[in-house]
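# Tertiary structure, described
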Amino acid sequence: DAGITQSPRYKITETGRQVTLMCHQTWSHSYMFWYRQDLGHGLRLIYYSAAADITDKGEVPDGYVVSRSKTENFPLTLESATRSQTSVYFCASTGGYNEKLFFGSGTQLSVL
Amino acid sequence: QQPVQSPQAVILREGEDAVINCSSSKALYSVHWYRQKHGEAPVFLMILLKGGEQKGHEKISASFNEKKQQSSLYLTASQLSYSGTYFCGTEGKTGANNLFFGTGTRLTVIP
């Protein structure tokens, strides 16, 4: 199906391990985003990208790395996972400035 | 830089009205509103742009006062389906087309 998909849906990992969360969209949207959602904090922006090879930090970028070699993919990597990175991660995309965001279904990540 | 939402939670009976407020410490050019049901992704409701316009979506409408750096979401004659967490989003970095969201307002509609 067309749209925005995230994988995996659930992930359990251990502290210190590297983990990559995948995000793929089929609309050729220019803008893509990564958010984390934690109780009491709402949705916080980790990184965003305005186009292929253009990325920028959001509110909480420490401990995360992103890349965007192709317009449709925007993977998020935790280079050395910590317990504080246990969260639900949402990827989103939009086609233009001040247009609505489309969210993926989310990845629930647990770091033990 | 996150916008501030109030109240944090509200419980309504079907048919009652509610107002959710969103305010920012920085100048606003637009405000987005999203609703998230438990275990699901946020879903877009509406965008309000600079100019103070009020928009509507069924019985859900919103206003935007850029001078006061505030937006309000109005839910009238609430239905059970309105239950969820409502988020407002404002531009985090001017011109960057990113969104910083508030911490959310949990709305529960009971029969």
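Residues numbered from 1 in each chain as written. Chains lettered and ligands numbered in written order. Predicted model: local features only at pLDDT ≥ 70, side-chain atom pairs only at ≥ 80, totals over all residues. Heavy atoms only, no water.

### Considerations on the state of the cysteines
In protein structure, a disulfide is the covalent linkage between the sulfur atoms of two cysteines. What the rule picks out here adds up to 2 disulfides over all chains. In this model, Cys23(A) is linked to Cys91(A) through a disulfide, with the two sulfur atoms separated by 1.8 Å. Where Cys23(A) bonds to Cys91(A) through sulfur, the torsion about that S-S bond is close to -75°, and the disulfide is left-handed. Taken together, the residues span a long stretch of sequence, with Cys23(A) in strand 3 (residues 19-25) and Cys91(A) in strand 9 (residues 87-94) at a distance of 68 residues. Of the two residues examined, Cys23(A) and Cys91(A), each falls in the buried class. With its sulfur 2.1 Å from that of its partner, Cys22(B) forms a disulfide with Cys88(B). Here the disulfide of Cys22(B) and Cys88(B) is right-handed, its torsion about the S-S bond being about 75°. Of the two residues, Cys22(B) is situated in strand 3 (residues 18-23) and Cys88(B) in strand 9 (residues 84-91); the sequence distance between them amounts to 66 residues. (Disulfide = S-S within 2.5 Å. Helix = DSSP H or I, 4+ residues; strand = E, 2+ residues; numbered from the N terminus. Buried < 20%, exposed > 50% of the residue type's maximum accessible area, 1.4 Å probe, protein only.)

### With respect to the packing of aromatic side chains
Overall, the coordinates contain 12 aromatic pairs over all chains when judged by the stated rule. Ring geometry for Trp27(A) versus Phe102(A): centroids 4.8 Å apart, planes at 45°, classification tilted. Remark: Phe102(A) occurs in strand 10 (residues 102-103) and Trp27(A) occurs in the loop between strand 3 and strand 4 (31-38); sequence separation between them is 75 residues. Ring geometry for Tyr64(A) against Tyr89(A): centres 6.0 Å apart, planes inclined by 65°, an arrangement best described as edge-to-face. Linking Tyr64(A) in strand 7 (residues 64-66) with Tyr89(A) in strand 9, this pair joins segments that are 25 residues apart in sequence. Side by side, Tyr64(A) and Tyr89(A) carry an identical accessibility label, which is buried. Counting every residue linked through ring pairs, the aromatic cluster contains Phe33(A), Tyr35(A), Tyr48(A), Phe90(A), Phe103(A), Tyr34(B), Phe44(B), Phe87(B) and Phe101(B). (Phe/Tyr/Trp six-rings, centres within 6.5 Å; stacked < 30°, edge-to-face > 60°.)

### Some details on the pairing of strand 1 (residues 4-7) of chain A
Residues and elements named next belong to chain A. Where burial is concerned, the two faces of strand 1 differ: the one with Ile4 and Gln6 is buried and the one with Thr5 and Ser7 is not. Pairing of strand 1 with strand 3 involves 4 bridges; the strand directions are antiparallel. Bridge pairing links Thr5 to His24 in strand 3. (Pairing = 2+ DSSP bridges.)

### Some details on the interface of chain B and chain A
Residue-level contacts link 24 residues of chain B with 25 residues of chain A. Taking both sides of the interface into account, the surface hidden between chain B and chain A amounts to around 1,900 Å²; carbon and sulfur atoms contribute 55%. Together, Pro42(B), Asn97(B) and Phe101(B) form the three largest contributors to the area buried by chain B at its contact with chain A, with a combined 28%. Our enumeration of links across chain B and chain A arrives at 0 salt bridges. The interface formed by chain B and chain A holds 10 residue pairs in polar contact (both at pLDDT 80 or more) in total. No other element matches strand 4 (residues 30-36) of chain B, which puts 4 residues into the side of chain B that touches chain A. (Contact = heavy atoms within 4.5 Å. Buried area = accessible area lost by both parts, 1.4 Å probe. Salt bridge = Lys/Arg side-chain N within 4 Å of Asp/Glu carboxyl O. Polar contact = N/O pair within 3.5 Å; in protein donor to acceptor, adjacent residues only side chain to side chain.)

Coordinates in, geometry out; function isn't part of it.
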